[in-house]
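Residue-level listing of the chains:
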Amino acid sequence: MKIHAGVNGRSAAVGAGVLALAMAGLTACGSDNNSSSSSSGGSSSTSSAAGGSSTGSSSSGSSSAITCANGTLSAQGSTAQQQAINTFIKNYQTKCGNSTNISYNGTGSGPGVTAFTQKQADFAGSDYPLAASQQPQADQRCGSGKALSVGTVPGVIAVMYNIPNVSKLNLSASTLGKIFNSKITKWNDAAIQTDNPGVTLPDLTIQTFHRSDGSGTSYNFSNYLNKTAPTDFPTAANKQWPGSGGQGQQGSKGVAQAVQSTAGAIGYAEVSYATSNHLNTANIGNAAGKFVPLTVPNAANFLNQAKVDTSGGNYVFNFDYTYAADDAYPAVLVTYEIVCSSGNESAKLPELKGFLNYLSSSDAQSQLPNLGYVSLSSSQQSAVAAIYSGLS
C-alpha cells in the first residue's frame, strides 16, 4: 500500500512558503547566529522545511556569473547535490549554447570518487572530502598536481518517516541511534513516547531504510549520530552505512521511495528527496536535547559554526556537533567537488574552470535555498572561487 504522508491539501501553498524560506535562508547564511527563532514547535512536514522542489528554481545564470567555453565535461558522484548541479548545468548550457556539453551522473559519492581516480570523470561530487587513503591515488590521477576537495554545495539531511496519522514527530539523537541500530522496533516504544508527549503513536513495526551504496549522506548522518549520541550509536561514521539491521536501498532516491511506499518506515536523505515524495520530516535532537525543525535557516546556523580547513589548497568543513542553539539543525552535509589543482586536460580546462567558478558565484549560490540547500557565505564563495580560478 502506497501512503503519501504529509500532503494534507497544502500543496498550493508550498511555492510561497519555499520562496519565503529561501529568502530567510539567504539572510541566515553568513549571519552571526543571533536569531531568536524557536525550534520547539512548528510542523515537521517538508512543505514547511524549505524547498527541495525541482520546479522552484529554473532561472538561468546571469551573464556576469558565467564564462562560457566550448567542449564537453563529464562528472559524477553525490546524489545529494544532483538537483542543484542539474539546475546549474541547465543554466550554464542555456547561456553558452550547443557547443557546451556538461553531464553529471548521480552514482553516489563513493563511485564518483572512483570514477575520478580512474579518469572516467573530469571532476566528482562527494559528500565527504578525500580520505587519507584515497588521496595518493587521486593525486596520481592528476599527474602534476594535487587532487583537491572543495566544499561548494551545502545541504540538509532529512529524517523522513511514514507513520499513518502522525504529521509531527520529535526524535532525539539517542532515540534515532537506537532506531537505526534496531534497538527500538515499535513506533509506540516508551523512548519515542517520551520524545513526543501527547502524540498518539501506533503499535506499528518500524521499518528502517539506509543507503546500500557508498554514500556521503550515510557518512554525514552516521557522524551526527555518533558524535551526538555515542552510547546509542557507537560506530564511527562511514560512507558504508555502519548501523545494524534495516534494509539497504540504492541511492537517496531509493531510500525515499522505500519510505514513501512503506507504512511504519523511516530513512534519511537530502531534503529534496523527502519533498518530492511528499514525506514528513522529523524534528531532530541536538547535543543539548532540544528538538530542531528542518529549515534552511536552521541548517545555515549550524553550518556557520563549522571550522574550515584550507590546508593543502582544500576547503573542508569540520562540523561542531557540540553547538546546540535552538535554531541550529545538526544533520547537515557539504558536497565537495573533487578536482585536480593542476594536470587537467588543456582542452577541457577553460570549461572546467568556467563551470566550477559559476557554482561558487553569488548567482548560483543564491539559487540554492530555493532548491532546499544552503548557500555559502559571501566570504566562503570568494575563497572557493579563488581555488577554482587557480586550476591549471
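Here is a short report on the structure shown in this document. Predicted, not measured: the structure shown is a model, and the values here were computed from it. In this convention, every chain numbers its residues from 1, walking through the sequence in written order. Only residues with pLDDT of at least 70 are given local features in this predicted model, and only at 80 or more are side-chain atom pairs given and counted; all residues enter the totals for whole chains, interfaces and linings. Excluding hydrogens and water, the side-chain figures rest on all heavy atoms present in the structure.

**With respect to the overall build of the protein**
For step 1, the next point in the chain: Scanning the protein from terminus to terminus reveals 13 helices and 14 strands.
For step 2, the next point in the chain: The buried label goes to any residue with under 20% of its type's maximum accessible area, the exposed label to any with over 50%, and the partly exposed label to all in between, with areas taken from a 1.4 Å probe on protein chains only. Residues counted as buried form 58% of the 392 residues belonging to the protein.
For step 3, the next point in the chain: Contacts are assigned to residue pairs that have any heavy atoms within 4.5 Å of one another. Of all intrachain contacts in the protein linking residues separated by at least 6 positions in sequence, the fraction that spans at least 24 positions is 77%.
For step 4, the next point in the chain: Note on areas: these come from Shrake-Rupley sampling with a 1.4 Å probe, and a residue is covered only by the protein chains present in the view. Working note: accessible area of the protein is about 14200 Å², and carbon and sulfur atoms make up 49% of it. Strands are runs of DSSP state E lasting at least two residues, helices are runs of H or I lasting at least four, and both sets are numbered from the N terminus onward.

**Looking at the pairing of strand 4 (residues 147–162)**
For step 1, the next point in the chain: Buried residues dominate strand 4, accounting for 16 of its 16 residues.
For step 2, the next point in the chain: When DSSP finds two or more bridges between a pair of strands, those strands are recorded as paired. Sheet analysis places strand 4 next to strand 14 (residues 332–340), joined by nine bridges and oriented antiparallel. Residue pairing for strand 14: Pro154 is matched across the bridge by Val334.
For step 3, the next point in the chain: The pairing of strand 4 with strand 8 (residues 265–270) spans six bridges and is classified as antiparallel. Following the sheet pairing, Ile157 is matched in strand 8 by Glu270.

**Details of helix 8 (residues 251–260)**
For step 1, the next point in the chain: In terms of residue burial, helix 8 counts as a mostly covered element, since eight of its 10 residues are buried.
For step 2, the next point in the chain: Buried within helix 8 we find Gly251, Ser252, Gly254, Val255, Ala256, Ala258, Val259 and Gln260.
For step 3, the next point in the chain: Its buried side turned inward, helix 8 meets strand 4, strand 6 (207–211), helix 7 (216–228), strand 7 (247–249), strand 8 and helix 9 (271–276).

**Digging into the pattern of salt bridges**
Where charged atoms from two side chains of opposite charge come close, those side chains can pair.
For step 1, the next point in the chain: One speaks of a salt bridge when a side-chain nitrogen belonging to Lys or Arg is within 4 Å of a carboxyl oxygen belonging to Asp or Glu. For the coordinates displayed, the defined rule picks out four salt bridges.
For step 2, the next point in the chain: Lys186 serves as the salt-bridge partner of Asp203, at 3.6 Å between the closest nitrogen and oxygen. Placement of the pair is Asp203 in the loop between helix 6 (190–195) and strand 6 and Lys186 in the loop between helix 5 (173–180) and helix 6, with a sequence separation of 17 residues.
For step 3, the next point in the chain: Taking the relative accessible area as the measure of exposure, Asp203 reaches 57% and is therefore exposed.
For step 4, the next point in the chain: The partly exposed category is assigned to Lys186, whose relative accessible area is 31%.

**Notes on the packing of helix 5 against helix 7**
To characterise two packed helices, one gives the angle between the axes of the helices and the distance between these axes.
For step 1, the next point in the chain: Axes, fitted as lines to C-alpha atoms, cover a helix only where it is in contact. Angles between the N-to-C directions of the axes lie from 0 to 180 degrees. Two numbers describe how helix 5 lies on helix 7: the axes approach to 9 Å, and their chain directions differ by 120°. If you check the angle between helix 5 and helix 7, you find them oblique. By crossing handedness, the relation of helix 5 to helix 7 is classed as left-handed. Note on element contacts: helix 7 touches helix 5 through Phe221, Tyr224, Leu225 and Thr228, opposite Ala173, Leu176, Gly177 and Phe180.
For step 2, the next point in the chain: Classifying every residue of the contact of helix 5 with helix 7 by side-chain character gives six nonpolar, two polar and no charged. Oblique is the label for any angle not under 35 degrees, not over 145, and not in the 65 to 115 range, which are roughly parallel, roughly antiparallel and roughly perpendicular in turn. Left-handed is the label given to a crossing in which the near helix is rotated counterclockwise from the far helix by less than a right angle, and right-handed is the label when the rotation is clockwise. Just so you know the grouping, Ala, Val, Leu, Ile, Met, Phe, Trp, Tyr, Cys and Pro go in nonpolar, Asp, Glu, Lys and Arg go in charged, and all remaining residues, Gly too, go in polar.

**A few points about the packing of aromatic side chains**
The description of an aromatic ring pair uses the distance of the two centres, along with the angle that the planes make with each other.
For step 1, the next point in the chain: Ring pairs are drawn from Phe, Tyr and Trp, using the six-membered ring of Trp, whenever the two centres fall within 6.5 Å, and their geometry is named by plane angle: stacked under 30 degrees, edge-to-face over 60, tilted for the rest. Applying the stated criterion to the full structure yields 17 aromatic pairs.
For step 2, the next point in the chain: Measuring from centroid to centroid gives 5.7 Å for Phe180 and Trp241, while their planes differ by 70°, and the two rings are edge-to-face. Of this pair, Phe180 sits in helix 5 while Trp241 sits in the loop between helix 7 and strand 7, and the two are 61 residues apart along the sequence.
For step 3, the next point in the chain: By relative accessible area, which is 10% here, Trp241 ends up buried.
For step 4, the next point in the chain: Among the aromatic side chains, those forming a connected cluster through ring pairs are Phe180, Phe221, Tyr224, Phe233, Trp241 and Tyr268.
For step 5, the next point in the chain: Think of it as a cone above the ring: NZ of Lys or CZ of Arg counts as a charge over the ring if it is within 6 Å of the ring centre and within 35 degrees of the ring normal. The aromatic ring of Phe116 is capped on one face by Arg141, whose charged end is 4.4 Å from the ring centroid.

**Quick word on unusual backbone geometry**
For step 1, the next point in the chain: A positive phi angle, near 60°, is found at Lys119, a position not held by glycine.
For step 2, the next point in the chain: In this fold, Lys119 is placed in the loop between helix 3 (109–117) and strand 3 (123–126).
For step 3, the next point in the chain: Judged by its relative accessible area of 59%, Lys119 is exposed.
For step 4, the next point in the chain: Positive phi, close to 55°, is recorded for His278, a residue that is not glycine.

**Some details on the pairing of strand 8**
For step 1, the next point in the chain: With respect to burial, strand 8 is a largely interior element, six of its six residues being buried.
For step 2, the next point in the chain: Bridge count for strand 6 against strand 8 is three bridges, and the pairing is parallel. Its bridge partner lying in strand 8, Phe209 is registered against Gly267.

**What to know about the state of the cysteines**
For step 1, the next point in the chain: Cysteine sulfur atoms that come within 2.5 Å of each other are treated as a disulfide pair. For the structure on display, the rule yields two disulfides.
For step 2, the next point in the chain: The partner cysteine of Cys68 in its disulfide is Cys96, sulfur to sulfur 2.1 Å. With the S-S dihedral at roughly -85°, the linkage between Cys68 and Cys96 falls on the left-handed side. Taken together, the residues Cys68 in the loop between helix 1 (14–28) and strand 1 (71–77) and Cys96 in helix 2 (residues 82–96) connect sequence positions 28 residues apart.
For step 3, the next point in the chain: Residue Cys96 is classed as buried on the basis of its relative accessible area, which comes to 12%.
For step 4, the next point in the chain: What pairs with Cys142 in a disulfide is Cys340, and their sulfur atoms sit 2.0 Å apart. A torsion of -85° about the S-S bond marks the disulfide between Cys142 and Cys340 as left-handed. With a gap of 198 residues between them, Cys142 in helix 4 (residues 135–142) and Cys340 in strand 14 connect regions that are remote in the sequence. Taken as a pair, Cys142 and Cys340 share a single burial class, namely buried.
For step 5, the next point in the chain: If you count the bonded cysteines of the protein from the N-terminus, they pair up as 1-2, 3-4.

These figures capture arrangement, not role.
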